[in-house]
2 protein chains.
Amino acid sequence: MSRVLILSKRAVDYLPLIEAAGLPGLEQMASASSPADALALGEDFDIIFGEPSLIRDVIARLPKLRWVQSTYAGVEPLLDPALRRDYLLTNARGVFGGLMSEYVFGYLLLHERRMFERFQAQQEGRWDRIITGTLRGKTLGLLGVGSIGTVLAGTARHFDMTVRGYTRGSESCPDVNFYCHGAQLPDFADGLDYLVSVLPNTKETIRIVDASLLARLPAHAVFINVGRGSAVDEPALVSALQTGRLAAAVLDVFEQEPLQPGHPFWHTPNLLMTFHTSAPSIPADLARLFINNYRRYAGGLTPLHAVDFEKGY
Amino acid sequence: MSRVLILSKRAVDYLPLIEAAGLPGLEQMASASSPADALALGEDFDIIFGEPSLIRDVIARLPKLRWVQSTYAGVEPLLDPALRRDYLLTNARGVFGGLMSEYVFGYLLLHERRMFERFQAQQEGRWDRIITGTLRGKTLGLLGVGSIGTVLAGTARHFDMTVRGYTRGSESCPDVNFYCHGAQLPDFADGLDYLVSVLPNTKETIRIVDASLLARLPAHAVFINVGRGSAVDEPALVSALQTGRLAAAVLDVFEQEPLQPGHPFWHTPNLLMTFHTSAPSIPADLARLFINNYRRYAGGLTPLHAVDFEKGY
């Protein structure tokens, strides 16, 4: 029998969805929206479902903890080496790919179809027949081809694009036309029309998008970051945009969030920012993920999407 | 042996592309960018490749004409009953689907992701975490499911949407979840999240998108027209947008083009206009279409994408 703690700012959304599933082998299910409230519920929970930043403040106090299901893909708060690692940590892989794909291709189309400029013409009463660009035939480079990158690659192929993938070593996505690894990073970037990072925050990914990588992109290229802000050398990106060596960038994530008021990004040309909203957490999606994984757990199987504490994803 | 006339404003782009193909059975190939220049080239042409609006002014003077390949999907100028119809007319079907799909889903994503509002927040220095919408799970209604509608349906399915198709009778696209015909138009429209018209200009399609059809859509719906402007009752659309009974509309085509300076659309809220640019003609695409069709013609086969003069498409 299991005792489940839902520890989430959206606990009120998750609880009824999970209750409605009628999960087997459940001795107790409780919910809280803060660590303090959670600790007041007792110490006997073996399962937690919720946000890593809240969960990190309770795990030391739950001796029976065996499994944590994160509602996020990124689980940095739980990777601190000072924290315990004697439990199974699973993340929200496989949930956000479709939403990320909508975001990435939406912004690429905004750029190619010059939607802002077209609207400007409309407001000025101009019948503006300027010909716009297209995704077809373009080359997309994916920094990271995990569950999200795989969906992005599929959408790129749907739009008749060529896809390059840069990974640590895996080459599992059939929609990637060719892969690069390790020291092949400059070749990977050479001549890309679009560079999209879905990289997690790890030792190896820190500032991987730096001045030398950006210099490999043609001046018409667009960079999009939907992974983690730490992957970008932010001053180098500002410089590339200010000097026109890069056509545009779209950032959903930043080294420090929220972005500080004095940050140069607020006044960098050809930069669009979306404030960590690219893949909104839809309660029904995440509840379904937990329910499916719980059924595996209750049936003696290992829940899916385990995080490797060393790799960080 | 054939004599080919290229009659197009972009003749200078098409000529070298077609010459490079080394077409068989070619006695003469000439190009002109106006009807007057074309007529000065002689009267012996049996094939014309180009724009219908230019071609209409020369067909009466070319006694040997057997085949016209339009560079456009819409061929209205050649459908005038006063004009001759004793030749094969083929249009540019199958070329524009991918471009139309980029346009339609680009604008749907602009809407769902509130890209204008998000940019507004950025300009105001606000860390705006408002949650935006998604295409997933939405229902798209296609008015017309020919070669373009089929591509749109495929993209909708890629984004996990449901697709309804309204056609004269055909039910050939496997990505359409269900079809409606004729008097089922109100049922077709009922509760759609997005309504997209790709209808050609025919007797049956005139003002099919009228007040009663728009009234069937929920207030959060978006209407997009990439077919022909004649399919829309323009005052009814203005009214639906002004009163908030329709969330937004995106129009690429209009009853009269260019749109007149005094037209109410210039000041209608929640309306985006793009001035007949949704599917730009890419010379290489259209040259390839002509080359492939010419090879059929030269080999004794009928060129593809014949237009039915009565139906109008």
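In what follows, the accompanying structure is described. (Residues numbered from 1 in each chain as written. Chains lettered and ligands numbered in written order. Predicted model: local features only at pLDDT ≥ 70, side-chain atom pairs only at ≥ 80, totals over all residues. Heavy atoms only, no water.)

## Looking at the packing of helix H1 (residues 11–19) of chain A against helix H10 (residues 283–298) of chain A
Residue and element names in this part refer to chain A. This is how it is decided: For helices, the axis comes from a line fit to the C-alpha atoms of the stretch in contact; other axes are also lines fit to C-alpha atoms, and the angle between any two N-to-C directions lies between 0 and 180 degrees. Labels follow the DSSP assignment, with helices taken as runs of H or I lasting at least four residues and strands as runs of E lasting at least two, numbered in each case from the N terminus. Any angle that falls under 35 degrees is termed roughly parallel, while one over 145 is termed roughly antiparallel, one within 65 to 115 roughly perpendicular, and all others oblique. Crossing chirality is assigned from the near helix's rotation relative to the far helix, an anticlockwise turn below a right angle marking it left-handed and a clockwise turn marking it right-handed. Any two residues whose heavy atoms approach within 4.5 Å at even a single point are treated as in contact.
Contact geometry of H1 with H10 gives a least axis separation of 9 Å together with a crossing angle of 50°. Relative to H10, the element H1 lies oblique. Judged by the twist between their axes, the crossing of H1 over H10 is right-handed. For the pair H1 and H10, the contacting residues are Asp13, Tyr14, Leu17 and Ile18 in the first and Pro283, Ala284, Leu286, Ala287, Phe290 and Ile291 in the second.

## Considerations on helix H6 (residues 147–158) of chain B
What counts is decided by this rule: In this analysis, the expected span of each helix is defined as 1.5 Å times one less than the number of residues it contains.
Taking 1.5 Å per residue, twelve residues should reach 16 Å; H6 of chain B reaches 17 Å between its end C-alpha atoms and fits that length. The secondary structure elements touched by the buried residues of H6 of chain B are helix H6 (147–158) of chain A together with helix H4 (97–112), strand E6 (139–143), strand E7 (162–167) and strand E9 (194–197) of chain B. Looking at the residues trailing H6 of chain B, positive phi occurs at aspartate 160 of chain B, about 60°.

## Observations regarding the environment of glycine 165 of chain A
Residues and elements named next belong to chain A. Among the structural elements, glycine 165 can be located in strand E7 (residues 162–167). Along the sequence, glycine 165 and alanine 40 sit 125 residues apart, while their C-alpha atoms lie 47 Å from each other. Beyond its immediate sequence surroundings of up to four residues, glycine 165 is in contact with Leu142, Val145, Val176, Phe178, Tyr179, Cys180 and Phe188.

## Digging into the environment of serine 278 of chain B
Quick note on the threshold: The buried label goes to any residue with under 20% of its type's maximum accessible area, the exposed label to any with over 50%, and the partly exposed label to all in between, with areas taken from a 1.4 Å probe on protein chains only. The term polar contact refers here to a pair of N or O atoms within 3.5 Å; inside protein, the definition further demands a hydrogen-donor-capable atom paired with an acceptor-capable atom, and it admits residues adjacent in sequence only when both atoms are side-chain atoms.
Relative to the assigned elements, serine 278 of chain B resides in the loop between strand E12 (271–273) and helix H10 (283–298). Accessibility expressed as a relative area gives 2% for serine 278 of chain B, which makes it buried. It is 28 Å that separates the C-alpha atoms of serine 278 of chain B and isoleucine 131 of chain B, two residues lying 147 residues apart in sequence. If we skip the residues at most four places from it in the chain, serine 278 of chain B touches Arg113 of chain A together with Leu99, Met100, Tyr103, Val226 and Asp252 of chain B. Side chain to side chain, serine 278 of chain B and aspartate 252 of chain B meet in a polar contact 2.7 Å long.

## Some details on the pairing of strand E11 (residues 248–251) of chain A
All names here are of chain A. Just so we agree on the cut-off: We treat two strands as partners when DSSP finds at least two bridges between them. By definition, the crossover connecting two strands over a helix is right-handed if that path, from the first strand to the second, turns clockwise as seen with the strands pointing away from the viewer.
Here E11 shows a buried face lined by Ala248 and Val250 and a second buried face lined by Ala249 and Leu251. As defined by bridge partners, strand E10 (residues 222–225) adjoins E11 across four bridges and the pair is classed as parallel. Bridge pairing in E11 places asparagine 225 opposite leucine 251. Read from E10 through helix H9 (residues 234–242) to E11, the crossover connection turns out right-handed. Inspection of the sheet shows E11 paired to strand E12 (residues 271–273) by three bridges, in the parallel sense. Considered in E12, the bridge of alanine 249 is made with leucine 271.

## Topic: the interface of chain A and chain B
Filter applied, for reference: By buried area we mean the combined loss of accessible area, with a 1.4 Å probe, across both parts when two parts are placed together. Counted as salt bridges are all cases of a side-chain nitrogen of Lys or Arg within 4 Å of a carboxyl oxygen of Asp or Glu.
The interface of chain A with chain B comprises 49 residues on the first partner and 49 residues on the second. Summing the contributions of chain A and of chain B, the shared interface buries around 4200 Å²; its carbon and sulfur component is 63%. Where chain A packs against chain B, one counts three salt bridges. Arginine 136 of chain A serves as the salt-bridge partner of aspartate 285 of chain B, at 2.4 Å between the closest nitrogen and oxygen. Here chain A and chain B share 24 residue pairs in polar contact (both at pLDDT 80 or more) between them. If you list the elements that add at least two residues to the side of chain A that touches chain B, you get helix H4 (97–112), helix H5 (115–123), H6 and E12 of chain A. Here the element with the most residues in the side of chain A that touches chain B is H4 of chain A; it accounts for nine residues.

## As for the packing of aromatic side chains
Residues and elements named next belong to chain B. Under the convention used in this document: Between rings of Phe, Tyr and Trp, where Trp is taken as its six-membered ring, a pair exists when centres lie within 6.5 Å; planes separated by under 30 degrees are stacked, by over 60 edge-to-face, and by other angles tilted.
Going through the model one piece at a time under the given rule, you end up with 31 aromatic pairs over all chains. When the centroid spacing of 4.7 Å and the interplanar angle of 25° are considered together, the rings of phenylalanine 49 and phenylalanine 290 count as stacked. Residue phenylalanine 49 is located in strand E3 (residues 47–50), and its partner phenylalanine 290 is located in helix H10; the two are separated by 241 residues in the primary sequence. In terms of burial, phenylalanine 49 and phenylalanine 290 fall into one category: buried.

## Focus: helix H9 (residues 234–242) of chain B
Residue and element names in this part refer to chain B. Taken together, the buried positions of H9 are Glu234, Ala236, Leu237, Val238, Ala240 and Leu241. In this structure, the buried residues of H9 make contact with helix H8 (211–216), strand E10 (222–225), strand E11 (248–251) and E12. Among the residues trailing H9, glycine 244 stands out with phi positive, at a value near 75°.

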